[in-house]
Amino acid sequence: MFTLKTSVVKEKTEWLFLSKLLILLSALKCVFFFYNYRVANGWSVTGVANVFQLIKWSLFYDVACIILLHLPLFIFFLLPRKLIQNKIIRVTIIIFYSLANTLLLLLNTVDIFYFRFHLQRADADLLYVLRNPFANGTFHVILLVLAIIFYCVFIARFIYTSLIKMLTQQATGVHFVWTTILLFTLSGLYFFSGQKKIVPTYPLTQLEAVQLPLAQNSFHTFLYSLYRKNETALPAADYMTTAQTESLFSIHTKNNPVTGTKKNILLFIMESVPYDFFDSSSRYKVSMPFVDSLVNKSTFFSNAFSFSYNSNKGITALLAGLPTLTDIPLYHSSYTAINRSLIGKLLAKNNFSSSFFIGDNYDDMGFAQCCKWLGIQHYYCMQDIPGYRQMEKHSMGLHDEYVLSFMQNKLAAMQQPFFAVQYNISTHYPNDLPKLFIDKYPLQNTTPPMKTMQYYNDCLQQFFKDAATKDWYKNTVFIFCSDHWADPDIKNFRIDETGGFRIPLFIYDPSNEKKKIITTPVSQLDVFNTILHFGSKADSIISYGSNLVDTTLQKDRTIFTRMNSAVYEAINNEYVLGFNAVEGKPMYCFDYLKDPQKKNNLLYEVIYSTKIDSMILQMKAFLQTASNHYRNNHAANE
């Protein structure tokens, strides 16, 4: 007994090191909880039992990360000290574990602040968005970089000091046997408690969807996502027969093409623009006279939803009609050979040229690769604009006025008919404004996102003023759609099962100026079909959407969204259904019109069972179709 006690005392440094790591992770989780408390509407905590569940799962994944990261180190410490004290081996151990532990703490720290933009813990998608905000070196970005460097140095110093102490102690003959035994025992308990728990979304079996980030560890979610970044997040689904699936949901559709003269098509993808900016009943309705004037002579879809929270998933939905089931962008994944309809090539068959305009650096977010993947002929970015080095920049790239002016000149030289896309960036966080911007409505547009929308309104006003004098203008249809919802007020952010996907979507035709409001639920995925409708594409296409101007569009249709890698939603004109795709089970159902706060879960209310069962069946058909489509991804592309 004395020997055991003595041995444990000798390993006090190691116990303290591992305990400090756990305390730090727990402290970061507490900060995460309180900092995002309003964002998550109080995290839907229901009582003491629920709190203990959250603590249990939080400790489970935090401890698991510490064990799996450090068990190899302590196994290595069991080797002869002459081997471990080799200079090269010492340096390798110090560098690797200093970096690994710094990453462990850094990811969990960054997610405290990044969560409100991503609405989930860190995943492999982070690798595809890191470059963009740091490329243009604004003052705020420089400060952020310096803060991150300082924080990393602080963490690395703590880790480095602890490693030096352990290596020094090991040199005296201490092999940390009891620490290794403890880590082995705990890892064994984790393994035998169920291998499914390695999946970061497993706590959804006991927790609400909104509570999942509290249970997770960002280091774990990032590594797991990195490990399976080229895999679809959906398991193979077999809910029903193929015939039943196709009767409920089919991706092989045939458009009703427009008749008469072929029209030019100009798509404006509005970055991070929420429906709130267009909603007259919202406190965040933006004063934007010109855009409002367009809406008042357009077909406006008042119940439109994005497929996800991300730009690189929104662009795939809009231009390919495909939902992204991978954590990383579909066009970066191993599913690039997925059977799809190439918008650029299909339009080229009808003599359309195709172009894409954006003000950021070449291939930021992978959009250049996406355009090539979809057969779009021309890609224009910041570097293509003459004199761009002298132009004022947003943190993400050039301000919209310069890109729209450049696009105006390019369109004037294009042969008709043409298809063009303008992806604006000035409305993206951190909502930088040009120095010469005049705030015309300071009392109405009160938040930074609202002010940048006002700026975009001014840019569009000048663009349309110039465009109206061109011969192509009257023969062009203009489609406006946001890439995803974003918070209109960063200080009062809220997660909402439907509001978090509500986006503006409208179609303006100068030759048919007439206000029309469509209340039918529609999706980003429908824009692809609509573009091909105006492009006179009559053949069968592969798409998860429908033509927005189709008069047979069902008013009670159901559309689908993706909250995260596990949770998908089905939304119709009354209800929103949450579904755990990993477990294959519904999680909630709310009447979002009568219950906007989503407090009354109708899932087990008998009176609603028929409607809910119908939505569950449609969700299963969607998931099974998507899962099979991804897994049979090497068919010839159209």
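These notes cover the structure that comes with them. Owing to the predicted nature of the structure, the values given are computational and were not obtained by experimental measurement. (Residues numbered from 1 in each chain as written. Predicted model: local features only at pLDDT ≥ 70, side-chain atom pairs only at ≥ 80, totals over all residues. Heavy atoms only, no water.)

A word on the sheet that holds strand S3 (residues 299-301). Strand order in the open sheet formed by eight strands is S6-S5-S9-S2-S10-S11-S3-S12, and the pairing between neighbours is mixed. The outermost strands of the open sheet, each flanked by one partner alone, are strand S6 (378-380) and strand S12 (516-518). Within this sheet the neighbouring strands show an average axis-to-axis angle of 15°, counted without direction. Here strand S2 (residues 264-270) runs beside strand S10 (residues 476-482); their pairing, made up of seven bridges, is parallel. When the bridges of S10 are listed, Met270 appears paired with Ser482. Packed on one face of the sheet, helix H16 (residues 400-413) meets S2, strand S5 (353-358), S6 and strand S9 (418-423) and runs near 170° to S9. Helix H18 (residues 525-534) rests against S2, S9, S10 and strand S11 (505-508) of the sheet, and its axis sits at about 175° to S10. (Pairing = 2+ DSSP bridges. Helix = DSSP H or I, 4+ residues; strand = E, 2+ residues; numbered from the N terminus. Axes fitted to C-alpha atoms, helices over the stretch in contact; angles between N-to-C directions. Contact = heavy atoms within 4.5 Å.)

Taken N-terminus to C-terminus, the directions of helix H3 (residues 48-76) and helix H5 (residues 87-118) make an angle of 175°; their axes are 11 Å apart at the nearest point. Compared by their axis directions, H3 and H5 come out roughly antiparallel. Judged by residue contacts, Cys65, Leu69, His70, Pro72, Leu73 and Phe76 of H3 engage Ile89, Ile93, Tyr97, Ala100, Asn101 and Leu104 from H5. Of the residues contributing to the contact of H3 with H5, the split by class is 10 nonpolar, two polar and no charged. (Parallel < 35°, antiparallel > 145°, perpendicular 65-115°, else oblique. Nonpolar A, V, L, I, M, F, W, Y, C, P; charged D, E, K, R; others polar.)

A separate point is the side chain of Asn36. Relative to the helices and strands, Asn36 is located in the loop between helix H2 (12-35) and H3. If sequence neighbours within four positions are ignored, Asn36 has contacts with Trp43, Asp111, Ile112, Phe115 and Arg116.

Counting residues in hydrophobic clusters, the biggest one holds 148 residues, and the most contacted among them are Leu319, Phe356, Phe419 and Ile531. Residues Tyr284, Val295, Tyr473 and Phe506 belong to the second largest nonpolar core, which totals 46 residues. (Core = buried A, V, L, I, M, F, W, Y, C linked by side-chain atoms within 4.5 Å. Buried < 20%, exposed > 50% of the residue type's maximum accessible area, 1.4 Å probe, protein only.)

Turning our eyes to something else, we now look at the layout of surface pockets. Remark: the empty space left among the atoms is shown by a probe the size of a water molecule rolled over them. Looking at the second largest pocket, its volume works out to about 1,100 Å³. Lining the second largest pocket we find 37 residues, and of these Asn41, Ile495, Asp496, Pro596 and Lys598 sit closest to its centre. In the lining of the second largest pocket, the residues fall into 16 nonpolar, 11 polar and 10 charged. (1 Å grid on protein atoms, 1.4 Å probe; cavity = no way out; pocket = protein on both sides within 12 Å on 5 of 7 lines; lining within 4 Å. Points joined across faces, edges and corners; volume = space filled by probe spheres on them.)

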